[in-house]
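Breakdown of the fold
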Amino acid sequence: MAETIPPEEYLRQINHATDIIKHNISKHPELSEPRVMIICGSGLGGIADILEPTTKLEISYSAIPGFKTSTVPGHAGKLVFGLIGTNKVPVMCMVGRLHFYEGYTFQETTFPVRIAKLLGITSVIVTNAAGGVNPEYKPGDLMVIEDHINFPGLAGYHPLRGPNLSEFGPRFQPLSDAYDYGLRKLFLTTARDKLGITRKIYEGTYFFAAGPTFESRAEVRMIRVLGGDAVGMSTVPEVIVARHSGLKVLALSLITNAGVGAKPPSAFDENPKALDEGMASHDEVLQAADEASKDVEKIVESVVNQL
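Positions within a chain are numbered from 1, following the residues in the order the chain's sequence is written. Owing to the predicted nature of the model, reporting of local features is limited to residues with pLDDT of at least 70; listing and counting of side-chain atom pairs is limited to 80 or more, with chain, interface and lining totals taken over all residues. For the side-chain quantities, the full set of heavy atoms in the structure was used; hydrogens and water were omitted.

The name recorded for the protein in an unreviewed UniProt entry is Purine nucleoside phosphorylase, from Candida viswanathii. UniProt annotates the protein under Function (unreviewed entry) with the comment "The purine nucleoside phosphorylases catalyze the phosphorolytic breakdown of the N-glycosidic bond in the beta-(deoxy)ribonucleoside molecules, with the formation of the corresponding free purine bases and pentose-1-phosphate. Cleaves guanosine and inosine." UniProt positions are given in the numbering used here, feature names are shortened, and annotations may be inferred rather than shown by experiment. The record held by UniProt for the protein lists under Catalytic activity (unreviewed entry) the comment "a purine D-ribonucleoside + phosphate = a purine nucleobase + alpha-D-ribose 1-phosphate".

So this is what it looks like as structure tokens:
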């Protein structure tokens, strides 16, 4: 397991990065007090395009001390500050998240969430591309996360492992309220009643697997047994740190592929099905995200406008 940064040094890095960001946004008074953080998942970076263009401010991760660089296609690697909706809600979009599988520690992948807290942000909207494990889920469906299974965390790879940052939250953080009921309700009523979105929207449990491989057939079956509806390689560490920091959380999965859980063709079969039938790929994930992204952008814009 990678070494963690001592808490004093980690806090110094967080505060230094926050000061740099505050200096940049202080030149734009309307952006200086962001209220909402939006973390854009694979193929969902277009969410940043709903920000009012005349006031938008971009800061590359490479320009922020302590920030790591996103290495995954579909993740641009920049913070975008701007206003959303007729109510001009100031937000910070993280266009391109950081993943544990990229080789980063959980301290590094959740670093931006700690900064969000220090900037005065009160709510976090987390989006991701996920594989459908629930047999009812199809590519293009949306799942509002109501709960999660932190599989790496159960084995000790936990974002709150190590000395507790008491400046942010308690040693033993409860997670039974991780996904805010009011925000989930707002998302669903906005999508169905206000915007008339016809795309299928579910509520379900997100299963966090470390990646970067897509799940094997046996793993898909296991996740179903354990109660997972969708599986992905992100989100949960950010959610845990957001709750530890006292932030409200709304999390959304865009189902981009269906998990293959059927047993593989037997070598005893004379005419077996192709072994790669239904196989997931990152290109497929990005394509499905692109097709559904407009609906996601509409809902997120309307929800943020009401916060």
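Next comes the rest of the account.
**Side note on unusual backbone geometry**
Residue G211 is joined to P212 through a cis peptide bond whose omega torsion reads 5°. Within the secondary structure, P212 sits in the loop between β7 (201–208) and α6 (217–226). With a phi angle near 50°, K88 is a residue other than glycine that sits in the positive phi range. What counts as a helix is a DSSP run of H or I of at least four residues, what counts as a strand is a run of E of at least two, and both are numbered from the N terminus. Mapping K88 onto the fold places it in the loop between β3 (78–84) and β4 (89–95). The backbone of T235 sits at a positive phi, close to 75°, despite the residue not being glycine. Checked against the element boundaries, T235 lands in the loop between β8 (230–232) and α7 (236–244).

**Examining the UniProt feature "binding site: phosphate" (unreviewed entry) in the protein**
In this structure's numbering, the residues bearing the UniProt feature "binding site: phosphate" (unreviewed entry) are S42, H75, R97, L98, H99, A129 and S234. Mapped onto the fold, A129 is located in strand β5 (residues 123–132). You can see S234 is positioned in the loop between β8 and α7. Exposure classes here rest on a 1.4 Å probe applied to the protein chains alone. A residue is buried below 20% of its type maximum, exposed above 50%, and partly exposed in between. Looking at S234, the relative accessible area reads 8%, which means it is buried. By definition in these notes, contact holds between two residues if any of their heavy atoms fall within 4.5 Å. Residues in contact with S234, not counting those within four places in the same chain, are R97, H99, N128, Y206 and F208.

**Brief notes about the side chain of T110**
Structurally, T110 can be placed in the loop between α2 (106–109) and α3 (111–118). A polar contact of 2.7 Å, which involves the side chain of T110, links it to the backbone oxygen of F106. Ignoring any residue separated from it by four or fewer positions in sequence, one finds T110 in contact with Y10, P237, E238 and V241. Residues adjacent in sequence count toward polar contacts only when both atoms are side-chain atoms; beyond that, a polar contact is any pair of N or O atoms within 3.5 Å, and within protein one must be able to donate a hydrogen and the other to accept it.

**Some remarks on the environment of Y10**
The residue Y10 is located in helix α1 (residues 7–25) in this model. For the pair formed by Y10 and L165, sequence separation is 155 residues and the distance between their alpha carbons is 9.4 Å. Excluding its chain neighbours within four sequence positions, the residues that come into contact with Y10 are I5, Q107, T110, F111, R114 and L165. One polar contact links the side chain of Y10 to the main-chain carbonyl oxygen of Q107, over a distance of 2.6 Å.

**Some words on the environment of A178**
Tracing the sequence through the fold places A178 in the loop between α4 (151–154) and α5 (181–194). Counting along the chain gives 74 residues from A178 to Y104, while the straight-line C-alpha distance between them is 24 Å.

**Re the packing of aromatic side chains**
Two rings belonging to Phe, Tyr or Trp (six-membered ring only in the last case) form a pair when the distance between their centres is within 6.5 Å. Interplanar angles under 30 degrees mark stacking, angles over 60 mark edge-to-face geometry, and anything in between is tilted. Under the counting rule described, the total for this entry stands at 8 aromatic pairs. The interplanar angle of 80° and the centroid separation of 5.9 Å between the aromatic rings of F67 and F111 together place this pair among those described as edge-to-face. Here F111 lies in helix α3 and F67 lies in the loop between β2 (57–60) and β3, a separation of 44 residues in the sequence. Each member of the pair F67 and F111 is classed as buried. Considering the side-chain rings of F100 and F106, the 4.4 Å spacing of their centres and the 15° angle between planes classify their relative orientation as stacked. Owing to a relative accessible area of 7%, F106 belongs among the buried residues under this scheme. Joined through ring pairs, the aromatic side chains of Y10, Y61, F67 and F111 make up one cluster.

**Looking at the pairing of β2**
Of the two faces of β2, the one holding L57 and I59 is buried and the one holding E58 and S60 is not buried anywhere. At least two bridges found by DSSP between two strands are what make those strands a pair. Bridge count for β2 against β3 is 4 bridges, and the pairing is antiparallel. Within β3, the position partnered with I59 by the bridge is L79.

**Quick look at the packing of α1 against α3**
With their axes 9 Å apart at the nearest point, α1 and α3 run at an angle of 60° to one another. As the angle between them shows, α1 and α3 are arranged oblique. In this structure, the crossing between α1 and α3 has a hand that is right-handed. Taken together, the residues of α3 that come into contact with α1 (itself represented by Y10, Q13, I14, N15, A17, T18, I21 and K22) are F111, R114, I115 and L118. A fitted line through C-alpha atoms serves as each axis, taken over the contacting stretch for helices, and the angle formed by two N-to-C directions is quoted from 0 to 180°. Angle categories are assigned with fixed cut-offs, so that under 35 degrees is roughly parallel, over 145 is roughly antiparallel, 65 to 115 is roughly perpendicular, and the rest are oblique. In this scheme the crossing of two helices becomes right-handed for a clockwise turn of the near helix relative to the far one and left-handed for an anticlockwise turn of less than a right angle.

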